[in-house]
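Residue-level structure breakdown
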Amino acid sequence: MKKLLFILSLFLFASTIFAQNQDPSSKRILGNWYSNTNRSVKWTFTQDGKAYNYNNDIMKVMYKYSISHSCQNYSDDNKEFITLRDKDGDEYCFKINGINENNNGILSLINLSNMQPLIFVKDVNLKTVQ
């Protein structure tokens, strides 16, 4: 019984250490992300909570963004959402499917207004399967 408690304690300790070593979504999302379907579209997320939307290297709009477990009417303790807020206060919600998981260079989102999947790549030359 003592061995079982020791092994269980060791497992919990190891999983806690592993969880702490993973970068949070707010760090993994930083930088440039290119639309997988149109590489001239780029989203840039900055450390100060701003997201810039570019088309052909011309900035189209700036948003303030936040990452949390809720967005408008959507809430889930096991999922993360990105809220983009424009200068007029309009909010746009996206469910995060993955941000650079296992350093794959892919940002996968679901646009919650129309349930459309959005795929972005970190490297403009990255080849992905559609």
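Since we're looking at a predicted model, the values are computed, not measured. (Residues numbered from 1 in each chain as written. Predicted model: local features only at pLDDT ≥ 70, side-chain atom pairs only at ≥ 80, totals over all residues. Heavy atoms only, no water.)

Quick look at the state of the cysteines now. The final tally for this structure, using the stated rule, is 1 disulfide. Note that Cys71 is cross-linked by a disulfide to Cys93, the S-S spacing being 1.9 Å. Its S-S torsion of approximately -85° makes the covalent link between Cys71 and Cys93 left-handed. In this pair, Cys71 is assigned in strand 5 (residues 70-71) and Cys93 in strand 8 (residues 91-99), connecting sequence segments 22 residues apart. The class of Cys71 is buried, set by a relative accessible area of 3%. A relative accessible area of 6% means that Cys93 is categorised as buried. (Disulfide = S-S within 2.5 Å. Helix = DSSP H or I, 4+ residues; strand = E, 2+ residues; numbered from the N terminus. Buried < 20%, exposed > 50% of the residue type's maximum accessible area, 1.4 Å probe, protein only.)

In this section: the sheet that holds strand 2 (residues 41-45). Reading around the barrel, the 8 strands line up as 1-2-3-4-7-8-9-10 and close back on themselves, with antiparallel pairing between neighbours. The mean angle between the axes of side-by-side strands here comes to 35°, regardless of whether they run parallel or antiparallel. Relative to strand 10 (residues 116-121), strand 1 (residues 31-35) is paired through 2 bridges, and the arrangement is antiparallel. Across the sheet, Tyr34 pairs through a bridge with Val121, a residue of strand 10. (Pairing = 2+ DSSP bridges. Axes fitted to C-alpha atoms, helices over the stretch in contact; angles between N-to-C directions.)

Okay, the pattern of salt bridges next. One pass over the structure, following the stated rule, counts 3 salt bridges. Put simply, Arg28 and Glu101 hold a salt bridge, and the shortest N to O gap is 3.6 Å. Taken together, the residues span a long stretch of sequence, with Arg28 in helix 2 (residues 25-28) and Glu101 in the loop between strand 8 and strand 9 (106-111) at a distance of 73 residues. We classify Glu101 as partly exposed; its relative accessible area is 38%. A salt bridge links Asp57 to Lys42, with the nearest nitrogen and oxygen atoms 3.8 Å apart. (Salt bridge = Lys/Arg side-chain N within 4 Å of Asp/Glu carboxyl O.)

So, on to the side chain of Thr44. Relative to the elements of secondary structure, Thr44 occurs in strand 2. Owing to a relative accessible area of 12%, Thr44 belongs among the buried residues under this scheme. A distance of 2.6 Å separates a polar atom in the side chain of Thr44 from a polar atom in the side chain of Asn32. Once you skip the residues sitting within four places of it in the chain, Thr44 turns out to touch Gly31, Asn32, Lys50, Ala51, Tyr52 and Tyr54. (Polar contact = N/O pair within 3.5 Å; in protein donor to acceptor, adjacent residues only side chain to side chain. Contact = heavy atoms within 4.5 Å.)

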